[in-house]
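Inside the fold
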Amino acid sequence: MDERIVKYFDGELSEDERICLLREAEKEPALRKELLTAQNVRGVFSLSAAGAGEAEGETRYRYFMRMYRRAKLFRLSGRVASYAAVVALLVFVTWRIARSTMSEPVAQAAVWQELYAPAGQRARLTLPDGSTVWLNAGSTLRYPSVFTGTRKVNLTGEAFFDVAHDAGKPFVVAAASLEITALGTQFNVYSYPDAEYASTSLVDGSVEVRSPGKPDGTVLIPNQQLVYAGGQFRMEDIDKDQLLWKEGIYTFKGQNLENIIRKLELYYDVEIVVTNPRILHYRYTGKFRQRDGAMEILRIIQKIHRFKISKDEEMNRITLS
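Calculation notes
What you see as residue numbers is a count from 1 along each chain, following the sequence as written. Owing to the predicted nature of the model, reporting of local features is limited to residues with pLDDT of at least 70; listing and counting of side-chain atom pairs is limited to 80 or more, with chain, interface and lining totals taken over all residues. Side-chain metrics in this entry use all non-hydrogen atoms of the structure; hydrogen atoms and water are not considered. For the purposes of this section, nonpolar cores are sets of buried Ala, Val, Leu, Ile, Met, Phe, Trp, Tyr and Cys residues that join through side-chain atoms within 4.5 Å. Working definition: with a 1.4 Å probe on protein chains only, accessible area under 20% of the residue-type maximum means buried, over 50% means exposed, and in between means partly exposed. Helix and strand labels come from DSSP, where a helix needs a run of H or I of at least four residues and a strand needs a run of E of at least two; each type is numbered from the N terminus. We call two residues contacting when some pair of their heavy atoms lies within 4.5 Å. Each pair of strands is called paired provided DSSP finds at least two bridges between the two strands. Lines are fitted to the C-alpha atoms to define the axes, a helix being fitted only along its stretch in contact, and any angle between axes, read from their N-to-C directions, falls within 0 to 180 degrees.

Soluble globular proteins: nonpolar side chains tend toward being buried together. Formed by 32 residues in total, the largest nonpolar core has its most connected members in Leu257, Tyr268, Ile272, Ile301, Ile318 and Leu320. Elements with a minimum of two residues in this core: strand S15 (249–256), helix H6 (257–268), strand S17 (283–289), helix H7 (293–302) and strand S19 (317–320). Counting residues per element, this core draws most heavily on H6, which supplies seven residues. In this view, Leu257 contacts Ile279, Leu280, Tyr282, Tyr284, Leu298, Ile301, Phe307 and Leu320; residues no more than four positions away in its chain are not counted. Formed by 29 residues, the second largest nonpolar core is a distinct cluster that contains Leu155, Phe171, Ile180 and Leu202.

Moving on: the sheet that holds strand S16 (residues 271–274). The mixed open sheet is built from three strands, whose spatial order is S16-S19-S18. A strand with exactly one partner marks an edge of an open sheet, and here the two such strands are S16 and strand S18 (309–312). In this sheet, adjacent strand axes meet at a mean angle of 20° when their direction is disregarded. Bridging between S18 and S19 involves four bridges; their strand directions are antiparallel. By the bridge assignment for S19, Asp312 is matched with Arg317. Those strands touched by H6 are S16 and S19, and its axis lies near 155° from that of S16. Each of S16, S18 and S19 is contacted by H7, which is oriented at about 165° to S18, the strand it contacts most.

Below, the structure written as structure tokens:
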């Protein structure tokens, strides 16, 4: 077993080391399987911590990780996988446990969790307040195990939120260039670090959107989308087909190849190089399954306007010419 896995879940890796491990796991099936098994074990025994106390939960987890190191846990891993928080998806969880100052006989631990949806995959989870979140490929969501006061989460990438109503506790999504506040509603947030814009799309209810650090916000009504680009906001109507990603479908309507390439790079963590700039202006409309992957999507697009496709597997680079 790769010792980095144990250090990852024990919080002993630096940020760069953690990202490096996750990137390797996306490309190496054996390492990905080890991470998934360890995550499943951690997920099962962390659930027992809420009822048995933080110390006992941590003790049980460390005991099983020692067994895992000795290769005695592989028979068990198949059984515990069905109890994991996320099934059939590779979801990495980072636990940061802080001491609680509560006066009850059994104090709850304050636990922060980090949910990461790898390239080409998506994840769905239920937050402690009953809200549901769909997480798109290459996205990360940080959230606490228990909400106190304002229900706040941090997003990098794209997610769709179905927020449980609680008039006394606003729900806040903090992204790089947007901060969205809601009570009980359905909305989508697009905020990848390398994207040229960020957006919030409201399906139901009401949300207030502002730039972090600015007091004034904009209130959206259903079927409105607020786009933030170049330091400016603009309002648009929602194209609900763009939200089908949470069902595993990517939709492009009259988009040029340049925009499609940018999204494929974000969704699949692949570099796409174009040697003939003329093809970037071709426009395409179509729906594609997420599981098809970037190469298959480009091959389908290629049938409309001909261009050549090649891939360097070692460099994880696709070239269009």
